[in-house]
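Fold and geometry: a report
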Amino acid sequence: MKVLCIVQARMGSERLPKKVIKPILNQPMIIYTLNRLKKSKYIDEIVLATSQENKEEQLVDIVSKNGYKVFRGDENNVLKRFVDTYKKYGGDIIIRVTGDCPLIDPFIVDNVITYFMANNYDYVRLDVPETFIRGFDVEV
């Protein structure tokens, strides 16, 4: 059973442009997110899903140079980009995380995955408003 984690990120944040590559202790934020997800015991493959726009080149370069896969898709249709990433990489269980979560906890991610598998659900998400602060969001 393959577990695919799709991390959605773009450079076009309106409130803080290029947010996902802003340095935290000299390392781009997106790399913290990806490296923490890599510590999951259940995730088999991690792919960054971003747009095809030229403004994403710096993000794509950073992520690729750090050994992660990138899928580039439709700028305006986030769902299509997500589905197209899944179609290219496949998976029996699909995890969704946003790229601006540098403190995402792989232990929490694994707990959500195992909860999903143990209960035979179609969809599970970490109920952030009721249980955790923002930044630990994960959907299965």
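Figured I'd write up the structure that's included with this text. These figures come from a predicted structure and were not determined experimentally. (Residues numbered from 1 in each chain as written. Predicted model: local features only at pLDDT ≥ 70, side-chain atom pairs only at ≥ 80, totals over all residues. Heavy atoms only, no water.)

**Notes on the overall build of the chain**
Tallying secondary structure elements over the chain gives 5 helices and 6 strands in all. Going from the N terminus to the C terminus, the chain shows its helices and strands as β-β-β-α-β-α-β-α-β-α-α. Taking 14 Å as the expected radius of gyration for a compact globule of 140 residues, we find that the chain reaches 14 Å, a close match to that expectation. Each of the three principal axes of the chain carries a C-alpha extent, and together these read 40 × 30 × 25 Å. When each of the 140 residues of the chain is scored for burial, the buried share is 49%. Summarising the internal contacts of the chain: among those between residues at least 6 apart in sequence, 62% fall at separations of at least 24. When the accessible area of the chain is evaluated, it comes to approximately 8000 Å², of which 50% is carbon and sulfur surface. Side-chain charges of the chain comprise 21 positive and 19 negative groups, with the mean position of each set lying 5 Å from the other. (Helix = DSSP H or I, 4+ residues; strand = E, 2+ residues; numbered from the N terminus. Rg over C-alpha atoms; globule rule 2.2 N^0.38 Å. Buried < 20%, exposed > 50% of the residue type's maximum accessible area, 1.4 Å probe, protein only. Contact = heavy atoms within 4.5 Å. Areas by Shrake-Rupley, 256 points an atom, 1.4 Å probe, with all protein chains shown as cover. Lys, Arg positive; Asp, Glu negative; His and termini not counted. Charge placed at Lys NZ, Arg CZ, Asp CG, Glu CD.)

**Observations concerning the pairing of strand 4 (residues 45-51)**
Taking burial as the measure, the 7 residues of strand 4 include 7 buried ones, the bulk of the element. With 5 bridges joining them, strand 1 (residues 3-8) and strand 4 adopt parallel strand pairing. Paired with Ile 6 across the bridge in strand 4 is Val 47. Here 5 bridges tie strand 4 to strand 5 (residues 69-73), and the two strands are oriented parallel to one another. Across the sheet, residue Val 47 finds its bridge partner in strand 5, namely Lys 69. (Pairing = 2+ DSSP bridges.)

**With respect to the state of the cysteines**
Using the criterion set out here, one finds 0 disulfides in the structure. Here Cys 5 stays unpaired: no disulfide links it, and the sulfur of Cys 101, its closest cysteine neighbor, is 11 Å away. Using a relative accessible area of 0% as the deciding quantity, one classes Cys 5 as buried. (Disulfide = S-S within 2.5 Å.)

**Observations regarding the packing of aromatic side chains**
For the structure shown, the criterion picks out 1 aromatic pair. Both rings, one in Tyr 115 and one in Tyr 121, keep their centres 5.6 Å apart while their planes meet at 40°; by these two values the pair is tilted. Residue Tyr 115 is classed as partly exposed on the basis of its relative accessible area of 44%. (Phe/Tyr/Trp six-rings, centres within 6.5 Å; stacked < 30°, edge-to-face > 60°.)

**As for the pattern of salt bridges**
For the structure shown, the criterion picks out 9 salt bridges. Salt-bridge contacts for Arg 10 lead to Glu 75; the nearest nitrogen and oxygen are separated by 3.1 Å. Of this pair, Arg 10 sits in the loop between strand 1 and strand 2 (23-24) while Glu 75 is found in the loop between strand 5 and helix 3 (78-89), placing the two residues 65 residues apart along the sequence. Classification of Arg 10 as partly exposed rests on a relative accessible area of 31%. Linking Glu 139 and Arg 96 is a salt bridge whose minimum nitrogen-to-oxygen distance equals 2.5 Å. One end of the pair, Glu 139, is in the segment after helix 5 (128-131); the other, Arg 96, is in strand 6 (residues 93-98), with 43 residues separating them in the sequence. Each of Lys 2, Glu 45 and Lys 69 takes part in salt bridges that share partners, so that together they form one network. (Salt bridge = Lys/Arg side-chain N within 4 Å of Asp/Glu carboxyl O.)

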